[in-house]
Amino acid sequence: MRIGILLSGRGSNFKAIKAAIDNGEIKNAEIAAVISNKSDAAGLAYAKECGLKTVYLNHKDFDGREAYDREIVKHLSESGVDLVCLAGFMRIISPYFVEQYRNRIINIHPSLLPAFPGLDAQKQALDYGVKFAGCTVHFVDEKMDSGAIILQKCVPVKDDDTEETLSARILEEEHRAYPEAVRLIAEGRLKTEGRHVKIL
Ligand code: GAR
C-alpha cells in the first residue's frame, strides 16, 4: 500500500505513521509522497531528511480550491498513492479530490467527533466543560470532519487542564490511533457499511 501524506505543520502524526512502518508494525506499506501547503512545515523538512518524495504547493499559485486539489491529485496519482492520510493538513479539500479518492482518504481530528469539529477542537472541549476528550480517525467525505469513523481514543479532562496539557494528552493517543487505523487498512480489515466501519 502506497501512502500519500498531506500536512501543514509539525508532522508528529506523519512521524508516528512512518515509525510504525519502519518498525514493522505496519507491513506492506510505504510512504510514497509527503505534500504540504506550507513551505516551512517541520513535517516537510523531516520527510526531506528521510529521503522521501516531498512536494510543496502554494495555494496562491492556483485559481481556486479545485485547481489546487487537481494538482495534488496529479502528484498523488503520479506517485501511485493508494491511501491519502491527512495529518494536520489545515485545508478543506474539494469534492473533486474526495471523488478521486473516495473511501481512500483518512483524517485525524483531536476530538471525539461529532463533538467539536473544525479549528481549536481541544479548546472547544475545554470551554464546553466535557469530562472526556480524545481523537478520531475517520474517512473523509464532502463535509468537514464528518466521514465514517474508523477509531476513537478517549482521554480524561482534568480540572486544571490548559489547552496545552489537554492537547498533549490527546496527541499521545493520536500517535497510537493513526498508525493503528493505517495498519487495519493495510491488512484489509475494515468493512464499511454506510456510516458503520467494522473491524474484522
Ligand atoms: C493534530 O492534533 C491533528 O489532530 C490536528 O492538527 C494536529 C497536527 O499535528 N488536526 C486537525 O485539527 C484537523 N482538523 P501534527 O502536525 O503534529 O500531526
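Here the structure is a predicted model, which is why all the values come from computation and not from measurement.

Chemist: For this particular structure, what's the right way to read the UniProt feature "binding site: (6R)-10-formyltetrahydrofolate" (unreviewed entry) in the chain?
Modeler: UniProt's feature table lists "binding site: (6R)-10-formyltetrahydrofolate" (unreviewed entry) at Arg65, Met90, Arg91, Ile92, Ile93 and Asn107, given in the numbering used throughout. Under the relative-accessibility criterion, Arg65 is labelled partly exposed at 39%. Not counting residues within four places of it along the chain, the set of residues in contact with Arg65 comprises Arg91, Ile92, Ile93 and Ser94. For Met90, the position within the fold is in the loop between β4 (83-86) and α4 (95-100). In this structure, Met90 is in contact with Ser8 and Leu119, ignoring residues within four places of it in sequence.

Chemist: Can you walk me through the site of the ligand in this structure?
Modeler: In the region of the ligand, the neighbouring residues are Arg10, Gly11, Ser12, Asn13, Gly88, Met90, Ile108, His109, Pro110 and Glu174. Between the ligand and the protein, one listed contact pairs an oxygen atom with a side-chain N or O atom of Arg10 at 2.6 Å. The contact in question runs from an oxygen atom of the ligand to an N or O atom on the side chain of Glu174, over 2.7 Å. When the ligand is considered free in solution it has 450 Å² of accessible area, and contact with the protein chains removes 88% of it. Going through the elements one at a time, α1 (12-22) and β5 (105-109) are the ones with two or more residues in the shell around the ligand. A breakdown of the residues in the shell around the ligand according to their chemical character gives three nonpolar, five polar and two charged.

Chemist: What's the story with the packing of aromatic side chains in this structure? I'm lost.
Modeler: Each aromatic ring pair is described using two quantities: the centre-to-centre distance and the angle formed by the ring planes. For the structure on display, the rule yields four aromatic pairs. On the numbers, 5.8 Å between centres and 65° between planes, the contact of Phe14 with Tyr46 is edge-to-face. A residue pair is termed long-range when its members are at least 10 positions apart, and Phe14 in helix α1 and Tyr46 in helix α2 (residues 42-49) qualify at 32 residues. Accessibility expressed as a relative area gives 25% for Tyr46, which makes it partly exposed. Look at Phe62 and Tyr68: their rings are 5.4 Å apart centre to centre, the planes differ by 90°, and that puts the pair in the edge-to-face class. Lying over the aromatic face of Tyr96, Arg70 brings its terminal NZ or CZ to 4.0 Å of the ring centre. Lying over the aromatic face of Tyr68, Arg91 brings its terminal NZ or CZ to 4.2 Å of the ring centre.

Chemist: What should I look at first to understand the sheet that holds strand β3 (residues 54-56) in this one?
Modeler: Backbone hydrogen bonds are what pair the strands of a sheet, in a parallel or an antiparallel way. Taken together, the seven strands give an open sheet; going across it, the order is β3-β2-β1-β4-β5-β6-β7, and neighbouring strands pair in mixed fashion. Edge positions in the sheet fall to β3 and β7 (149-156), since each has one partner strand and no second. Sheet twist, expressed as the average angle between the axes of neighbouring strands with direction ignored, equals 20°. Examined bridge by bridge, β5 and strand β6 (residues 132-139) share four bridges and lie antiparallel to one another. When the sheet's bridge partners are listed, Asn107 is paired in β6 with His138. Most of the contacts of helix α6 (residues 163-186) go to β7, to which it runs at about 155°, and overall it touches β1 (2-7), β4, β5, β6 and β7.

Parameters and conventions
- Residues numbered from 1 in each chain as written.
- Predicted model: local features only at pLDDT ≥ 70, side-chain atom pairs only at ≥ 80, totals over all residues.
- Heavy atoms only, no water.
- UniProt positions renumbered as here; feature names shortened; annotations may be inferred.
- Buried < 20%, exposed > 50% of the residue type's maximum accessible area, 1.4 Å probe, protein only.
- Contact = heavy atoms within 4.5 Å.
- Helix = DSSP H or I, 4+ residues; strand = E, 2+ residues; numbered from the N terminus.
- Near = heavy atom within 4 Å.
- Polar contact = N/O pair within 3.5 Å; in protein donor to acceptor, adjacent residues only side chain to side chain.
- Areas by Shrake-Rupley, 256 points an atom, 1.4 Å probe, with all protein chains shown as cover.
- Nonpolar A, V, L, I, M, F, W, Y, C, P; charged D, E, K, R; others polar.
- Phe/Tyr/Trp six-rings, centres within 6.5 Å; stacked < 30°, edge-to-face > 60°.
- Lys NZ or Arg CZ within 6 Å of the ring centre and 35° of its normal.
- Pairing = 2+ DSSP bridges.
- Axes fitted to C-alpha atoms, helices over the stretch in contact; angles between N-to-C directions.

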